[in-house]
Amino acid sequence: AATSGARPVTHPDIDNSDGLSPVWRKLCAEHGIRACYSAPVLARDGQAVASLFLAFSVARQPSEWELRLAEFGTQVASIAIERDATLSALRETQAQIAAELEDSRLLQALGTELIGERDPSVLHERLVDGAVAIMHADFASLQTLEQSNGEEQLRLLAYRGFPSEAAQFWQVVAAEHASTCGRVLQTRNRVVCRNVEEAEWMVGTADLATYRAAGIR
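What counts and what doesn't
Residues numbered from 1 in each chain as written. Predicted model: local features only at pLDDT ≥ 70, side-chain atom pairs only at ≥ 80, totals over all residues. Heavy atoms only, no water. Phe/Tyr/Trp six-rings, centres within 6.5 Å; stacked < 30°, edge-to-face > 60°. Buried < 20%, exposed > 50% of the residue type's maximum accessible area, 1.4 Å probe, protein only. Lys NZ or Arg CZ within 6 Å of the ring centre and 35° of its normal. Pairing = 2+ DSSP bridges. Helix = DSSP H or I, 4+ residues; strand = E, 2+ residues; numbered from the N terminus. Axes fitted to C-alpha atoms, helices over the stretch in contact; angles between N-to-C directions. Contact = heavy atoms within 4.5 Å.

Caption draft 1: Seen up close, the packing of aromatic side chains. Considering all chains together, one arrives at six aromatic pairs under this definition. Centre to centre, the rings of Phe 169 and Trp 170 are 5.9 Å apart; their planes meet at 70 degrees, and the pair counts as edge-to-face. Under the relative-accessibility criterion, Phe 169 is labelled partly exposed at 30%. Here the aromatic cluster, defined as three or more aromatic residues joined through ring pairs, consists of Phe 139, Tyr 159, Phe 162, Phe 169, Trp 170 and Tyr 211. The positively charged end of Arg 60 is found above the aromatic ring belonging to Phe 56, 4.1 Å away from the centroid.

Caption draft 2: Inspection of the sheet that holds strand β4 (residues 140–148) at higher detail. Pairing in this open sheet of three strands is antiparallel, and the strands run β4-β5-β6 from one edge to the other. The open sheet terminates on both sides in strands that have one partner only, identified here as β4 and β6 (172–174). Geometrically, the sheet is characterised by an average inter-axis angle of 30 degrees between neighbouring strands, direction not taken into account. Of the strand pairs in this sheet, β4 and strand β5 (residues 151–160) are connected by nine bridges, and their pairing is antiparallel. Within β5, the position partnered with Ala 140 by the bridge is Arg 160. Across the face of the sheet, helix α4 (residues 120–135) comes into contact with β4 and β5 while running at roughly 70 degrees to β5. Across the face of the sheet, helix α6 (residues 180–187) comes into contact with β4, β5 and β6 while running at roughly 45 degrees to β6.

See the structure below:
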């Protein structure tokens, strides 16, 4: 109640206080708690982020001294929680910067390797490996756009993570395919699919079945 209402709550006689659940009364009785006081720990924006709980073995109101201690305790707790949140955010930022720096180094190393590479197949494989590492992806593919009988299609050059059956199925992707790559070919726009099961254009298609079989979600 102290956190939900962002205000202190006192129960000077738990056995006879209204609004307490039987489960809470039983728990207090088992631990010899006859009265309690809760004060919210407030963040800088006034939102309750925690609470300070005082319990008493006899039914009574908290003393003035105890109320002052509780107030001081909530202020100290607020500072500590804010500090921990700030440090956590700082660590996350530092980790993100370190990851981005590592990705930049990987890109630089990949670029250096590709400059001297003469074998197209090796080039394709390294590009896919680099994409997987940088994007932290479970699956990846590289395709080339080509013409066939006057129609555009995508031909698979390299892939990672797919079973061989999926790679064979997507060896050539036309605009009528219900995969994300087929959708890109059809719409000429970037396609982001957060859940293949929720993509309306995939419902009941062989592409969706292949996604499922490959473990792509």
